[in-house]
Structures are given as C-alpha cells and as structure tokens.
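# Understanding the architecture of this molecule
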Amino acid sequence: MRGGYNVPVAGAPLCEVRELPAPDRLYLPLVSRRFRFSDVRVGEGQRVARGELLAVDPERFSIPLLAPCGGTVRLGELEGHVVLDDLDASSDPWAPSGSTSDEPGADPGGGPAAGPAGESVAHGLLALGAWPYLSDARTGDPVDPAKSPSAIIASTLRLEPFLAGGEAQLDGALERLARGLEYLRGLAPEAPLYVIIPDTDEPLAAEIRTAAAGCSGAHVVSVPMRFPFDDPALLARYLKLPSGPDTTAWAIPAEGVLAVEAALTHGRPCTDRVVSFAGPAVTEPVHFRLVPGYPIEAILADRLCREPARVVNGGLLTGVALPPEQHGIDSECTGLTVVGELTRQTLLSFARPGISRRSYSRSFVGTLRTDMSMRYKAGLSGEVRPCIACGQCVDVCPAGILPQLIHRHLYAGRLEEAQRMRVDLCVGCVLCSFVCPSKIDLRTELLEAKRELREEAEAVRAEAEAAAAEAAEAAAAKARADEAEAASTEGKPAPPEDATAAEAAP
Ligand code: SF4
Ligand code: SF4
C-alpha cells in the first residue's frame with residue numbers, strides 16, 4: 001500500500017457511544033446515498049410495528065426501508081419522507097437491534113441460531129435490513145442476494161476522520177463479531193473471508209485479532225492506520241482479488257457484521273446505527289446510537305459552537321452537504337460532520353505562513369507542530385489556480401495513479417487518454433483535492449470521468465447484448481424458414497408460423 005494521509009483536523013469524537021432521548025416523531029428520508037425507496041408499501045394513518053416494511057427500492061434488489069420503531073404513518077406531510085408519529089412508548093423502543101447479550105438465542109422471538117448458508121439466508125438478511133451493509137468491494141454498489149461472491153472482506157477499520165470504526169463499535173462485542181464472521185463464512189462457504197484489522201499495538205486491536213482468528217478459515221490482514229487504506233476497492237487490489245464483470249467481492253464493515261449476527265442469532269430487524277456527530281463546529285464531538293429518521297434539528301440543537309455552519313452527511317472528506325429538505329437521519333448515514341462556514345476571508349490567507357496553520361506541504365510553520373489539529377472551515381482559502389506540478393497529489397494518491405496528468409487530459413477533453421492512465425482506479429478518497437495548493441478539485445473531475453466511462457461501457461454492453469439477441473432471433477427465424485421450405489419440398493404440410501396460427505387452423 002502506498003500514499004494515504006491522516007488529515008490533522010480538530011473535532012474528533014470520543015470512542016464511547018451515547019444514546020439520545022426518544023423524539024416525538026421520525027422523518028424517514030426516501031432517498032439515501034445508494035437507495036431510492038420509491039415503492040412505498042404503507043398507507044396514510046396505518047399503524048406499523050418496529051421492523052415492519054415501509055418501502056422498498058425496486059431498482060436495487062428490493063432493499064427495504066424498515067420502521068425503526070412502532071408508530072403511525074403520515075404520508076404527504078413532508079415531501080420525500082415517511083413520517084412516523086405517535087411513536088410506541090414501550091419500555092425501550094431505542095434498544096439496539098443488535099442485542100448486547102453475547103448469548104445466541106437470548107431473544108425469545110429468536111431466529112436461526114446456527115451458522116446458515118444459501119440464498120434463503122441472504123433473503124432473510126435482506127428482509128431484516130442487514131443486507132445493505134454488504135457492498136461490491138470495487139464499485140460500492142449493493143450486491144445481488146442471488147449471487148455468490150468471489151471473496152468477502154470484513155473490515156474493522158474506518159479511517160475517515162470522525163466516523164465510528166471498530167474502536168467505537170466493537171468494544172464489548174467481540175464474541176458477536178466472531179459469530180457474525182462465522183455466519184458470513186456460512187453464507188458463502190467457497191469464498192475466502194478476509195478480516196481487516198488495524199496494524200497497531202492497541203489492546204483492542206489484539207483482541208479483535210484473536211476474535212477474528214477464532215473464525216475457521218478466516219484470513220486476518222493487518223493494515224496501517226492511514227486514510228484511506230480501509231477502502232474496499234484498495235483492499236481488493238491489495239489482496240489481488242480477481243476482477244471482472246461477473247466476479248464480485250463483497251465488502252462489509254464491522255457494524256454490518258454485528259447486524260448480520262443480530263439478524264441471524266435473534267431474528268431482529270436492523271433498525272439502528274452508530275452515527276458520529278463531530279467536526280470543528282460541534283461543542284462536544286461524540287458518537288450517537290440513532291435510528292433512521294431521527295430529527296436532525298434535535299441533534300444539532302444546542303450542540304454547535306459556530307454558526308453559520310455547514311452540516312455534512314458522512315465524513316469530513318467524502319461526505320456531502322446535507323440538503324436543506326432532509327429532516328431526518330437517512331438509513332445509510334454514518335455521521336454528521338459540522339464545519340463553520342467561511343464568512344470572512346483574510347487577505348492572502350492561503351499564502352500566509354503561520355504557527356497556527358497546517359498544510360500538507362511544508363509551506364506553513366505550523367507543519368512543525370505535529371500535535372496540532374486544524375479547525376477547518378467550509379472555504380477554499382484562495383481561488384483555483386493552474387497546476388504548478390508540485391506532485392503532492394501523486395504523493396498522497398493511494399491508487400497509484402497520476403491525478404495531475406489525468407487532470408490535464410480531462411481539461412483538454414481527452415477522456416480516452418485519461419482512461420489509458422487508469423482513471424478507473426481512483427477510489428474518490430479526495431486526498432488529491434485536499435493537498436493541492438492550486439485548489440483544483442481533482443477528485444470531482446476524476447469521479448465524473450469514471451462515471452462517464454462506466455456509462456459508456458454499459459451502453460456498449462447493452463448494444464452488444466441487443467445485437468446478440470437480434471442475431472439469435474434472425475438465426476431462429478432462418479431455421480424456421482429453412483424447415484418450412486424443406487417440408488414443402490417433401491410435400492409435407494408446412495409448420496405453423498406460431499401457436500396462435502396453429503390453434504386457428506381448421
Ligand atoms: S486520484 Fe482518486 S484515489 Fe487518488 S488521491 Fe485523488 S481521489 Fe484519491
Ligand atoms: S497537487 Fe495540484 S498543483 Fe500539485 S501537481 Fe497535483 S494538481 Fe498540480
């Protein structure tokens with residue numbers, strides 16, 4: 001592994017996971033990063049129980065949106081959301097769906113308690129909301145429950161600033177992790193299982209290693225704690241897994257392994273997740289255990305130290321600004337990162353060296369203060385300028401490509417040249433944009449080029465499939481015509497054109 005960089009940014013949360021009080025209502029967005037829950041399966045005023053189906057994504061294997069707790073459905077109150085009100089006031093509707101008990105079958109309503117295998121189990125995970133944690137290691141797309149993977153990568157790392165990784169998710173849950181890994185083995189017995197752990201001397205890392213090593217047939221792989229070495233596409237390359245249109249390696253994070261364990265041990269729906277709430281504009285950065293739909297306003301209230309602030313859905317580097325119309329946590333949210341908006345620009349701030357400023361290059365004296373974390377703001381601190389060929393983007397790029405040369409080709413509209421330079425290997429980690437002193441948004445350019453190339457490839461594939469189908473149809477028609485001609489030559493009645501014609505014949 002090469003490149004990578006840990007961005008020194010202030011506002012990291014503590015490892016502990018806290019609970020928030022139950023809200024009055026939940027606002028479940030029908031759109032998340034990968035899913036569009038356009039097929040709503042509930043009606044206005046309908047009473048639903050925890051784990052009941054609210055909507056599915058018909059385009060992506062019918063991935064479900066589940067009710068995180070019991071309540072009454074309100075449709076049309078808030079565009080793009082299913083609202084739940086009159087929430088169940090049962091003893092503890094916010095109890096984690098993954099039982100804290102380490103005993104299999106502790107839940108009286110329990111599901112399968114043994115390591116299962118096969119497609120039916122995959123569909124069980126789909127129905128219980130644990131399936132979306134699995135993704136295609138190379139593309140990040142959801143995976144088909146009807147297909148088997150070539151390998152499974154289970155990662156206990158999450159290295160993007162602020163997001164909750166194994167250190168927050170796995171403390172006290174190592175037996176559950178081991179059981180979840182066994183279930184994954186059972187799900188695809190032929191596929192090798194790689195368990196990614198941090199290459200550190202921390203006691204928890206050693207415990208994770210022991211728990212993972214206890215899983216029969218699992219290969220434990222240590223990875224340096226440098227962003228973005230936890231990226232599944234990089235890991236798939238590092239592990240030299242085969243790639244191709246019909247070869248899929250699955251990737252799953254630690255919380256996904258715990259969700260699989262909870263679903264298959266206790267038959268419980270996966271309706272909660274750990275969401276980091278952090279960043280330089282947050283008074284007390286922390287991880288919260290939340291359910292989808294939790295009101296964002298209630299999370300932000302009295303917890304910001306800078307305003308105006310920009311709320312980012314996800315981590316500091318790869319998250320996207322939260323749209324103002326989104327009112328609740330979506331079903332894939334991993335964190336809310338809050339940075340102050342840049343309201344006042346210091347003259348030549350991008351170029352002024354200083355003891356309190358950090359930069360990837362050695363252009364600021366602050367680089368000498370290794371203990372210092374920057375309070376980054378949502379501003380560029382300078383305008384976009386031409387590339388000065390400093391090579392810093394190449395230095396940090398973990399994909400081993402040359403972002404500045406690809407940028408030149410893309411700037412000139414030479415998409416094929418960009419592909420020759422393997423733009424497809426970009427994993428979108430954003431480090432190149434982050435370190436670029438010319439403020440060039442390399443990552444957006446490269447990802448856009450990747451998208452265009454993928455669409456082109458899909459169009460070519462669809463055209464080839466249509467041509468093949470047309471050729472097959474033409475060959476079949478010719479075979480029928482030849483048969484008819486042969487029959488008429490021999491004086492036999494010609495075969496009917498089709499079944500309807502045969503029935504209509506006297
Ligand atoms: S080119 Fe892609 S993989 Fe390389 S640093 Fe930039 S965003 Fe990351
Ligand atoms: S970091 Fe920016 S300025 Fe430096 S080589 Fe890369 S694109 Fe050019």
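Presented here is a report on the structure given in the accompanying data block. Please read all numbers here as calculations on a predicted model, not as lab measurements.

This paragraph deals with helix 6 (residues 254–266). Taking 1.5 Å per residue as the helical rise, helix 6 with its 13 residues ought to reach 18 Å, and the 18 Å between its terminal C-alpha atoms agrees with that figure. The element helix 6 is largely enclosed, with a buried count of 13 among its 13 residues. A positive phi of about 65° marks Gly267, the residue just after helix 6.

Spatial strand order, 2-8-7-4: four strands in an open sheet with antiparallel pairing. The open sheet terminates on both sides in strands that have one partner only, identified here as strand 2 (26–29) and strand 4 (47–48). Pairing of strand 7 (residues 71–74) with strand 8 (residues 81–85), which is carried by three bridges, proceeds in the antiparallel orientation. Looking at strand 8, one finds that Val73 is bridged to Leu84.

On to the sheet that holds strand 3 (residues 39–40), then. In space, the three strands of this open sheet follow the order 3-5-6, with antiparallel pairing throughout. Bordering the open sheet on either side are strand 3 and strand 6 (63–66), each of which pairs with just one other strand. Here strand 5 (residues 53–57) pairs with strand 6 via four bridges, running antiparallel. Counterpart to Ala55 in the pairing with strand 6 is Leu65.

Now for the site of ligand 2. All residues adjacent to ligand 2 are Cys387, Ile388, Ala389, Cys390, Gly391, Cys393, Gln404, Cys436, Pro437, Ser438 and Leu442. In terms of residue class, the shell around ligand 2 is built from eight nonpolar, three polar and no charged.

Compared with an ideal rise of 1.5 Å per residue, which puts 14 residues at 20 Å, helix 3 (residues 174–187) spans 20 Å between its outermost C-alpha atoms and is within 8% of the ideal. A large share of helix 3 lies buried, amounting to ten of its 14 residues. Restricting attention to buried positions, one finds in helix 3 the residues Leu174, Arg176, Leu177, Arg179, Gly180, Leu181, Tyr183, Leu184, Gly186 and Leu187.

Once that is clear, we can look at the packing of helix 3 against helix 4 (residues 203–213). Interhelical geometry of helix 3 versus helix 4 gives an angle of 35° and a closest axis separation of 9 Å. When you trace helix 3 past helix 4, the crossing you get is right-handed. Facing Leu174, Leu177, Ala178 and Leu181 of helix 3, the residues of helix 4 in contact are Leu204, Glu207, Ile208, Ala211 and Ala212. The residue inventory of the contact of helix 3 with helix 4, partitioned by class, reads eight nonpolar, no polar and one charged.

Grouped together as the largest cluster of nonpolar side chains are 59 residues, with contacts concentrated most on Trp131, Leu181 and Ile252. Broken down by element, this core gets its largest block of residues, seven residues, from helix 6. Leaving out residues up to four positions away in the same chain, Leu181 has contacts with Ala154, Leu193, Val195, Ala212, Cys215 and Val257. The next biggest cluster of nonpolar side chains, apart from the first, holds 31 residues, and it includes Phe162, Phe227, Leu235 and Leu431.

Reading the values: the criteria
- Residue positions are given per chain, counted from 1 along the sequence in the order it is written.
- Labels follow written order: the first chain is A, the first ligand is 1, and so on.
- Reporting in this predicted model follows two pLDDT cut-offs: at least 70 for local features of residues, and 80 or more for side-chain atom pairs to be given and counted; totals over whole chains, interfaces and linings ignore these cut-offs and use all residues.
- Just so you know, side-chain values use all the structure's heavy atoms and leave hydrogens and water out.
- Counting from the N terminus, the helices are the DSSP runs of H or I reaching at least four residues and the strands are the DSSP runs of E reaching at least two.
- Between the first and last residue of a helix there are one fewer steps than residues, each counted as 1.5 Å, and that sum is the expected span.
- Buried residues are those whose accessible area, probed at 1.4 Å on protein chains only, stays under 20% of the maximum for their type, while exposed residues exceed 50% and partly exposed ones sit between those limits.
- In short, DSSP must find at least two bridges between two strands for them to pair.
- When we say a residue is near a molecule or strand, we mean one of its heavy atoms is within 4 Å of it.
- In this count, Pro and Cys sit with the nonpolar residues alongside Ala, Val, Leu, Ile, Met, Phe, Trp and Tyr, while Asp, Glu, Lys and Arg are called charged and the others, Gly among them, polar.
- Note on geometry: axes are lines fitted to C-alpha atoms, helical ones only across the stretch in contact, with angles between N-to-C directions running from 0 to 180 degrees.
- Crossing handedness is defined as follows: a turn of the near helix away from the far one that is anticlockwise and smaller than a right angle gives a left-handed crossing, while the clockwise case is right-handed.
- It only takes one pair of heavy atoms within 4.5 Å for two residues to be counted as in contact.
- To form a nonpolar core, buried Ala, Val, Leu, Ile, Met, Phe, Trp, Tyr and Cys residues must be joined to one another through side-chain atoms within 4.5 Å.

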